[in-house]
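So you can see what is in the structure, the chains are spelled out below.
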Amino acid sequence: MKTSHLKALSLTALITICFSAFSMAQQGTIIINEDPTIPKLLEIKKDINKNDTNSNRYKIQIYSGNLGGAESNKSKFDSTVGKHRSQLVFETPNYKVWVGNFRTRLEAERALVEVQKKFADAFLFKPKKDKE
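For clarity, every value in this text was computed on a predicted model and none was experimentally measured.

**Some words on the overall build of the protein**
Argument step 1. The secondary structure content of the protein amounts to four helices and four strands.
Argument step 2. For the protein, the N- to C-terminal ordering of α and β elements is α-α-β-α-β-β-α-β.
Argument step 3. Out of the 132 residues belonging to the protein, those deemed buried represent 26%.
Argument step 4. Within the protein, counting contacts between residues at least 6 apart in sequence, those at least 24 apart form 66% of the total.
Argument step 5. Total accessible area on the protein is roughly 10,600 Å²; 57% of this is exposed by carbon and sulfur atoms.

So this is what it looks like as structure tokens:
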């Protein structure tokens, strides 16, 4: 009985190996029909997110002081570094120049290294949420 059971098991294994050697994966193509306005909408969304003042994002401050100094530093940043968007912000009693709107701290720190080449006192921060 043991030999017939062993022969049946061996035969089953042999048949399984033979069939698996001849089987092939299915091949095909996928066609994606996408509205041509979607890429344009994604670009608009990216621009909105760049300009978003969401306080969950990191910013770089390059100046804090009087209005004349703030305008001067903003102009200097835009003409020299200018890779990121700068904005003039008034927080009583100072005018401040903030740069960028970074999603992650790593992204902000990389930009900070570049900004500090021209503005040595620049630092990274995360704005506090305004209470509504």
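Okay, back to it.
**Structural notes on the packing of aromatic side chains**
Argument step 1. The tally for this structure, following the rule as stated, stands at four aromatic pairs.
Argument step 2. The interplanar angle of 50° and the centroid separation of 6.1 Å between the aromatic rings of F77 and F119 together place this pair among those described as tilted. Note that F77 is positioned in helix α3 (residues 67-80) and F119 in the loop between α4 (105-115) and β4 (123-125), a separation of 42 residues in sequence. Comparing F77 with F119 shows no difference in burial state: the two are buried.
Argument step 3. Between the aromatic rings of F90 and Y95, the centroid separation amounts to 4.7 Å while the plane-to-plane angle is 50°, which identifies the pairing as tilted.
Argument step 4. Owing to a relative accessible area of 45%, F90 belongs among the partly exposed residues under this scheme.

**Side note on the sheet that holds strand β3 (residues 94-102)**
Argument step 1. The four strands are arranged β2-β3-β1-β4 in an open sheet whose pairing can be described as antiparallel. Each edge of the sheet is formed by a strand with only one pairing partner; in this case those strands are β2 (86-91) and β4. Taking each pair of neighbouring strands and ignoring which way they run, the sheet shows an average axis angle of 40°.
Argument step 2. Relative to β2, α3 is tilted by about 165°, and along the sheet it contacts β1 (58-65), β2 and β3.
Argument step 3. The strands that α4 touches are β1, β3 and β4; relative to β1, the one it contacts most, it runs at about 40°.

**Concerning the pairing of β2**
Argument step 1. Across six bridges, β2 lies against β3 in antiparallel orientation. Following the sheet pairing, S86 is matched in β3 by V99.
Argument step 2. If you look at the hairpin formed by β2 and β3, you'll find two residues sitting between the two strands.

**Here we look at the pattern of salt bridges**
Argument step 1. According to the stated counting rule, one finds three salt bridges in the structure shown.
Argument step 2. A salt bridge links E91 to K96; the shortest N-O distance between them is 2.8 Å.
Argument step 3. Judged by its relative accessible area of 15%, K96 is buried.
Argument step 4. Among the ionic pairs, R105 bridges to E109, the shortest N-O distance being 3.0 Å. Placement of the pair is R105 and E109 together in helix α4, with a separation of four residues, close to one helical turn.
Argument step 5. Relative accessible area serves as the criterion here: at 44%, R105 is assigned to the partly exposed category.

**Quick look at the confidence of the model for the protein**
Detailed reading of the predicted coordinates is not advisable wherever pLDDT is low.
Argument step 1. Confidence in the prediction of the protein, expressed as mean pLDDT, is 84, and 86% of residues score 70 or more.
Argument step 2. The secondary-structure element of the protein with the lowest mean pLDDT is helix α1 (residues 2-22), recorded at 78, while β1 shows the highest, at 95.

What counts, and where the lines are drawn
- Residues numbered from 1 in each chain as written.
- Predicted model: local features only at pLDDT ≥ 70, side-chain atom pairs only at ≥ 80, totals over all residues.
- Heavy atoms only, no water.
- Helix = DSSP H or I, 4+ residues; strand = E, 2+ residues; numbered from the N terminus.
- Buried < 20%, exposed > 50% of the residue type's maximum accessible area, 1.4 Å probe, protein only.
- Contact = heavy atoms within 4.5 Å.
- Areas by Shrake-Rupley, 256 points an atom, 1.4 Å probe, with all protein chains shown as cover.
- Phe/Tyr/Trp six-rings, centres within 6.5 Å; stacked < 30°, edge-to-face > 60°.
- Pairing = 2+ DSSP bridges.
- Axes fitted to C-alpha atoms, helices over the stretch in contact; angles between N-to-C directions.
- Salt bridge = Lys/Arg side-chain N within 4 Å of Asp/Glu carboxyl O.
- pLDDT = per-residue confidence, 0-100.

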